[in-house]
Amino acid sequence: MIRVVLPPHLRNLAQVKGEVELDVQGQATPQSVLDALESRYPVLRGTIRDQTTRERRALVRFFACEEDLSLDPPDRPLPDAVVTGKEPFLIIGAMAGG
Amino acid sequence: MSGVRVLVGTHKGAFVMTSDTKRKQWDISGPHFTGWEVYHVKGSPADPNRLYASQNTGWFGQVVQRSNDGGKTWQAMEGKFAYDGEPGTHKWYDGSSRPFEFKRIWHLEPSLTDPDTVYAGAEDAALFRSTDGGQNWHELPALRQHSTAPNWAPGAGGMCLHTIILDPKHRDRMFVAISAAGAFRSDDAGKSWRPINQGLRSEGIPDPNAEVGHCVHRIAMNPSRPDTLFMQKHWDVMRTDDAGDSWREISGNLPSDFGFPIDIHPHEPETIYVVPIKSDSEHIPPDGKLRVYRSRTGGNEWEPLTNGLPQSNCYVNILRDAMAVDSLESPGVYFGTTGGQVYASADAGDSWNPIVRDLPAVLSVEVQTLK
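Note that the coordinates shown come from a computational prediction; the quantities given were computed from them, not determined experimentally.

1. Overview of the environment of B:P150
Residues and elements named next belong to chain B.
Thinking step 1. Tracing the backbone shows P150 in the loop between β13 (138-139) and β14 (160-166).
Thinking step 2. For P150, a count of 11 C-beta atoms within 10 Å gives the class exposed.
Thinking step 3. Spatially, the C-alpha atoms of P150 and P99 are 9.3 Å apart, while their sequence positions differ by 51 residues.
Thinking step 4. Those residues in contact with P150, other than ones at most four positions away along the chain, are G88, T89, H90 and S97.

Structural data, given as structure tokens:
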């Protein structure tokens with residue numbers, strides 16, 4: 001079970017409260033987690049990664065285990081602590097704007 | 001209930017304001033979609049309880065919301081926007097060519113007859129349509145693929161398709177306007193387009209009379225006279241009586257012919273409204289006085305409407321989609337400001353009162369007349 005923390009705007013959009021728990025088929029990677037997330041909440045398609053290119057949107061970041069995973073390849077396995085559910089996969093709206 | 005419903009999009013959410021036909025007391029709900037930029041909210045002429053809203057942030061992109069109960073509840077639509085085929089290129093500010101890149105929806109225009117059909121104007125300029133209530137969107141690509149598109153360039157606010165007008169008499173005819181490409185007309189439901197900019201003159205482009213490149217800010221039509229359109233251009237207020245084949249200037253005695261919105265009296269097609277702004281480099285009212293100008297002669301002769309509007313120390317702007325008129329017997333005129341005020345007149349502009357004073361910057365104002 002992968003735990004995912006969404007930023008407030010996306011929690012509102014998906015109408016969820018707190019963390020989202022996802023069953024991810026196969027290896028847990030940022031890509032497979034986002035695939036599972038968008039499958040459960042289709043309204044989130046295009047909000048985290050571009051719907052056409054599937055690249056991460058510029059002002060969205062991925063954190064886990066106190067590491068910034070945003071620039072990792074999307075198919076790189078997530079840390080074991082995320083895979084086991086000990087730590088969440090954090091989707092963050094970047095600090096920008098002021 | 002007979003009355004009006006005013007739909008307001010702001011930099012930080014949407015608001016729904018309702019009143020009876022007196023338009024003195026208002027119920028205000030919102031913010032909806034708090035924290036998101038809401039460029040536009042508009043209701044279906046065929047079903048006034050069907051509303052569409054465009055919400056966007058730089059972080060999370062574009063979402064279209066739909067309401068089936070007049071704005072009491074909303075549902076986020078899953079459909080997204082993607083250009084049809086190769087995006088092609090347009091001109092950038094420095095003259096280089098850049099691929100079209102979807103950024104946001106500026107304007108939503110529901111069909112005149114079908115609540116599930118709605119058009120969407122995008123930045124970078126393109127026209128989309130949904131026929132299933134906003135669930136899925138498909139581009140009408142002929143506009144973006146027009147032979148002039150590689151020469152379109154963005155205005156300061158981006159290369160936005162901000163105006164969509166559906167012709168009530170010629171069902172396959174529609175008009176769009178793009179900053180800073182100009183106005184275009186389709187006579188075959190969007191399968192093909194032609195620029196309709198003859199008569200526009202723009203000093204800020206190399207050829208002032210060019211076929212495209214004009215920064216059209218807004219176009220308005222009175223449905224009773226669909227061949228007559230009024231335009232607020234970057235500079236100049238214009239009119240056409242032949243569906244855009246030729247335009248002539250009607251700025252007349254305006255204190256400034258720069259501005260953004262333009263609208264028309266619902267029962268008097270020669271009565272039009274604009275809000276003069278000082279200049280393209282100073283987006284503030286002239287002399288710190290917020291004045292709507294009304295022409296009862298189809299242009300050229302304008303009178304200031306000031307009763308109830310601030311006449312000193314006012315430095316707000318009124319954006320292109322932030323003015324609307326209802327169709328009650330004594331028509332209401334509404335506009336919103338970048339200072340967060342929404343003003344209403346229940347007597348065709350003779351006097352004004354604020355519905356609300358302290359919203360986030362207002363991006364758009366629409367009104368529905370409820371029977």
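We are not done yet, so read on.
2. Considerations on the sheet that holds strand β21 (residues 248-249) of chain B
Residue and element names in this part refer to chain B.
Thinking step 1. Taking strand neighbours across the sheet as the criterion, the 4 strands line up as β18-β19-β20-β21 in an open arrangement whose pairing is antiparallel. The open sheet is flanked by β18 (216-221) and β21, the only strands paired with a single partner.
Thinking step 2. Where β18 and strand β19 (residues 229-233) come together, 5 bridges link them in antiparallel fashion. Counted as the bridge partner of V216 is K233 from β19.

3. Observations concerning the interface of chain B and chain A
Thinking step 1. Contact residues are listed per partner, giving 12 residues for chain B and 14 residues for chain A.
Thinking step 2. Of the residues that constitute the side of chain B that touches chain A, the class distribution is 6 nonpolar, 4 polar and 2 charged.

4. Considerations on helix α2 (residues 30-40) of chain A
Thinking step 1. For α2(A), the set of buried residues is A:P30, A:V33, A:L34 and A:L37. When α2(A) is viewed along its axis, its buried side chains cluster within an angular range of 95° and face the same direction.

What counts and what doesn't
- Residues numbered from 1 in each chain as written.
- Chains lettered and ligands numbered in written order.
- Predicted model: local features only at pLDDT ≥ 70, side-chain atom pairs only at ≥ 80, totals over all residues.
- Helix = DSSP H or I, 4+ residues; strand = E, 2+ residues; numbered from the N terminus.
- Buried ≥ 20, exposed ≤ 12 C-beta atoms within 10 Å, placed from the backbone.
- Contact = placed C-beta atoms within 7 Å.
- Pairing = 2+ DSSP bridges.
- Nonpolar A, V, L, I, M, F, W, Y, C, P; charged D, E, K, R; others polar.
- Arc of directions from axis to C-beta.

Take it as geometry only, folks, not as evidence of what the structure does.
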